[in-house]
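In case you want the letters, here they are:
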Amino acid sequence: MFKLLKIQRLLITLSLIIEFIAIGILALLIVFVPYDGYPILTLVFLAIFALYNTIISILFNYWIQKKKGTTETSSAEIIGNDIDEAYRFGGVGLVVIDVNNVVMWANDFILSCFPDIVDKPITDTFSAVSSLLNNDTSDDKGERKYVIDKIFVDNHYFSVEYLKDARLFIFKDTQDKENLNLDNKKQAPVVGYIAIDNYYDVQMQVSDDAKFNDALSSVRNLITTFGSTYKALLRSVKDDRYLFVTTFENYEAMFQAKFNVVDKVRSLMKDGFTLSIGVSFGFPEFAKLTELASSALDVALSRGGDQVVVYPFSNEMIYIGGKTELKPSRNRVKIRTMSNSFLTTIRSYQKVLIMGHTNADFDSIGSSLGVYLLCKYAKVDARICYEEQLVESKCRIAINSNYDRKTEFEHIFVNFKQAGDYLDENTLLIIVDHNNPNITMFPMILDKAEHIALVDHHRPGLQTIENPIFNCVDPSASSTSEILTSYITYNVEDIFIDKRTATFLLAGITMDTHNFKDKASIATFEAASQLKSYNADSAKVDDFLKEDYEEYKQKILILNSSEIPYRGVLVAKAPDDEVIASVMLALVADDAIQIRGVQCALAYGRIDEHTIKVSARSDGTINCGVLMEKLGGGGHFAMAAATFTDQTIEEAKQKIYKVLEDYLDDARSSTMKGDN
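Residues numbered from 1 in each chain as written. Predicted model: local features only at pLDDT ≥ 70, side-chain atom pairs only at ≥ 80, totals over all residues. Heavy atoms only, no water.

(A) Up close: helix α21 (residues 522-533). Across its 12 residues, α21 extends 16 Å between first and last C-alpha, which sits within 8% of the 16 Å expected from 1.5 Å per residue. Taken as a whole, α21 has its buried residues at Ala523, Thr524, Ala527, Ala528 and Leu531. When α21 is viewed along its axis, its buried side chains cluster within an angular range of 140° and face the same direction. Against the buried residues of α21 lie α19 (480-489) and α20 (499-512). Phi for asparagine 535, located one or two positions after α21, is positive at around 70°. (Helix = DSSP H or I, 4+ residues; strand = E, 2+ residues; numbered from the N terminus. Expected span 1.5 Å × (residues − 1). Buried < 20%, exposed > 50% of the residue type's maximum accessible area, 1.4 Å probe, protein only. Arc of directions from axis to C-beta. Contact = heavy atoms within 4.5 Å.)

(B) Up close: the sheet that holds strand β8 (residues 189-196). The strand order β9-β10-β8-β11-β12-β13 describes an open sheet built from six strands, whose pairing is mixed. Taken across any chain shown, the strands that pair with only one partner, and hence form the sheet edges, are β9 (233-238) and β13 (318-321). Strand-to-strand twist in this sheet, taken as the mean axis angle between neighbours without regard to direction, amounts to 20°. (Pairing = 2+ DSSP bridges. Axes fitted to C-alpha atoms, helices over the stretch in contact; angles between N-to-C directions.)

(C) Representation of the environment of aspartate 263 in the model. Structurally, aspartate 263 is set in helix α11 (residues 261-266). Sequence separation between aspartate 263 and glutamine 307 is 44 residues, and the spatial gap between their C-alpha atoms is 9.0 Å.

(D) Inspection of the nonpolar core at higher detail. Core analysis: the largest hydrophobic core is formed by 75 residues, its most contacted members being Phe342, Ile346, Val352, Met355, Phe413, Ile430 and Phe504. Per element, the largest residue contribution to this core is eight residues, and it comes from helix α14 (residues 362-377). Ignoring sequence-local partners within four residues, the contact set of phenylalanine 342 consists of Val371, Leu374, Ile430, Val455, Phe470, Leu484 and Tyr487. Formed by 33 residues, the second largest nonpolar core is a distinct cluster that contains Ile196, Tyr230, Val310 and Ile320. (Core = buried A, V, L, I, M, F, W, Y, C linked by side-chain atoms within 4.5 Å.)

(E) Looking closely at the sheet that holds strand β15 (residues 381-385). On the basis of which strands lie adjacent, the open sheet formed by six strands has the order β16-β15-β14-β17-β18-β19 and parallel pairing. Bordering the open sheet on either side are β16 (413-414) and β19 (470-473), each of which pairs with just one other strand. Pairing geometry for strand β14 (residues 351-355) and β15, over four bridges, is parallel. Among the inter-strand pairings, valine 352 is bridged to a residue of β15, identified as alanine 382. Together, β17 (427-432), β18 (452-456) and β19 form the strand contacts of α19, whose direction differs from that of β18 by roughly 110°.

(F) Region of the structure containing the confidence of the model for the protein chain. Averaged over all residues, the pLDDT of the protein chain is 83; the fraction at 70 or higher stands at 89%. Here residues 138-143 is a poorly scored stretch, pLDDT under 50, and it has four contacts once near neighbours within four places are set aside; other chains count. Note that residues 670-676 has pLDDT below 50 and, in this model, 11 contacts with residues that lie over four places away or in other chains. (pLDDT = per-residue confidence, 0-100.)

(G) Quick peek at α19. The buried fraction of α19 amounts to nine of the 10 residues, a majority that puts the element mostly inside the structure. Every buried residue of α19 is accounted for by Thr480, Ser481, Glu482, Ile483, Leu484, Thr485, Ser486, Tyr487 and Ile488.

(H) Structural context of a nonpolar patch on the surface. On the surface, Leu10, Leu14, Ile17, Phe20, Ile21, Ile25, Leu28, Leu29, Ile30, Val31, Phe32 and Val33 cluster together into a nonpolar patch covering about 1200 Å² of accessible area. Note that phenylalanine 32 resides in helix α1 (residues 2-32). For phenylalanine 32, a relative accessible area of 63% corresponds to the exposed category. (Patch = residues over 30% accessible without salt bridge, like charges linked within 9 Å, V, L, I, M, F, W, Y side chains within 5 Å. Areas by Shrake-Rupley, 256 points an atom, 1.4 Å probe, with all protein chains shown as cover. Salt bridge = Lys/Arg side-chain N within 4 Å of Asp/Glu carboxyl O.)

(I) Spatial organisation of the pattern of salt bridges. All told, the structure shown has 17 salt bridges when counted by the stated rule. Among the salt bridges present, the one from arginine 500 reaches glutamate 408, with a minimum N-O distance of 2.9 Å. Within this pair, whereas arginine 500 is found in helix α20, its partner glutamate 408 is found in the loop between α15 (393-402) and α16 (409-412), the two being separated by 92 residues in sequence. For lysine 573, the salt bridge goes to aspartate 576, with nearest N and O atoms at 3.6 Å. With relative accessibility at 25%, the residue lysine 573 sits in the partly exposed group. The network of salt bridges with common partners includes Asp263, Arg266 and Asp306.

So this is what it looks like as structure tokens:
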């Protein structure tokens, strides 16, 4: 075809040149050579040229049409007659719509998938394409884009492009691609650790070796069965620890079953073995997954054990279980070891800065004074972070009445500016009574600190202080004051506690245990007894914790607004237009939990212009910590809290009730469920 056109162009060009020359010669003859027959000669020339051009045009049109017909016939044979088969093979569907978005025509591929698509609005079959019809989207270059990468219709995946001018939809079948992606996801690696988290405690408690070995054998059988059930490669790495590797498909089955091996092990024997599991996925390298799984297991153990922590790569941790209160460890060797390690850490620095949480209470201040005592014993210069407006009112009154402002205050306490000047590369920052960086007294000081130690009794939540050089988070302890008391009294060195410090430590224990009614273990009473031996003033502690008249009135007012939306759950709301002290909410929840039939009490209200706080308490049958974690907070099994920022009281109420609706049943302890 191209060759014919080239020949045609060449002949036409030659013809024009010849005609131009002939016309020129004829014109010269007419001018210079007289002759009467020029008109006839001119007509003859014109007739010849016209005949020549006509013949050439007819011949070339014939040849071109013949060649074109041959080409079209070949194309039709190759594509035209089987175009639908080609579209079907490529998984390409075509749909044409009218101005009302009603399907006028569809090719055989689409009709084979959706036989009734014609004469109906396209959105009836493909609702997702409404975005292409109604909204113009742009790509990175700002050009109009009418593409949806993935839609799912009738168990089938398509990618869609819309040619707006032609009102044509092009559907590409991507089912094979999605199936491949799904298979890859199902076969993705998952790594986990299983730990018998109280192996040595049970070994010490069970004097009969045969009984201990029988119980341990039962636990190991359950772990082995768990591995085989979910097709996991299971290997023992220690007496009390296992490593397993499986696929994401099997992990999903474990997750749906809520890792019920944890519940099975717990039910084997009263006060017997419990399991903790750390799991990770979402990364192709086994070394990285193993590291993340180990971190997840550490978090599970630090939160009290008897639970599962899932750590997906680049995502927040997921907590499963934790429905039973952690039994306190009576391993004094471990306490002595931790105490010696803590004292050694303190001695490694020239200066120590001690910091509690904002709205510091007696446990925060008492434990800070306990650390200060250890620093004085170690002959290391130390200061406690203290800001009047960031300390709870009763605690502030107690400090002001027991520490002389002129003679000793500046040698013990520092404000924010002084703390910033005090902190340098040779300073150890010790965080007490909290592990959430968002509630620390001076967050900027925490950000600047290079060396951090952590002593706390709250279960770690989603936000926690990272990479401390010394980390003691013991959720089994009633208070941080109890932990510090045990560190002082069980240390290999003979450390003396002065009466004033002993009194504040006792106040911290008394406040957090609600006069030894909640979370008071044998260790708690032993700590209190030790403090009394150092002349702790229990009468002064009682005076520290007394309520004033206005507080009492406000507490009764909030309790009067309480509701019981679910069996055993009381929710009390502070007046919408009042800003109240954070501690008041805790007092309301504390009193409400003493009401017969109330298993969990929540009190919420506005503590400043932008913040709403929820305080939660439990009698041990409902895990408050789980509920508050769902609200972005955290805490203990029987004592927890959460805060909301820049929300109304009504929005906070809706969130609280939504969490109760979704997670209350999961938060009820297994013992409570068994009783029902």
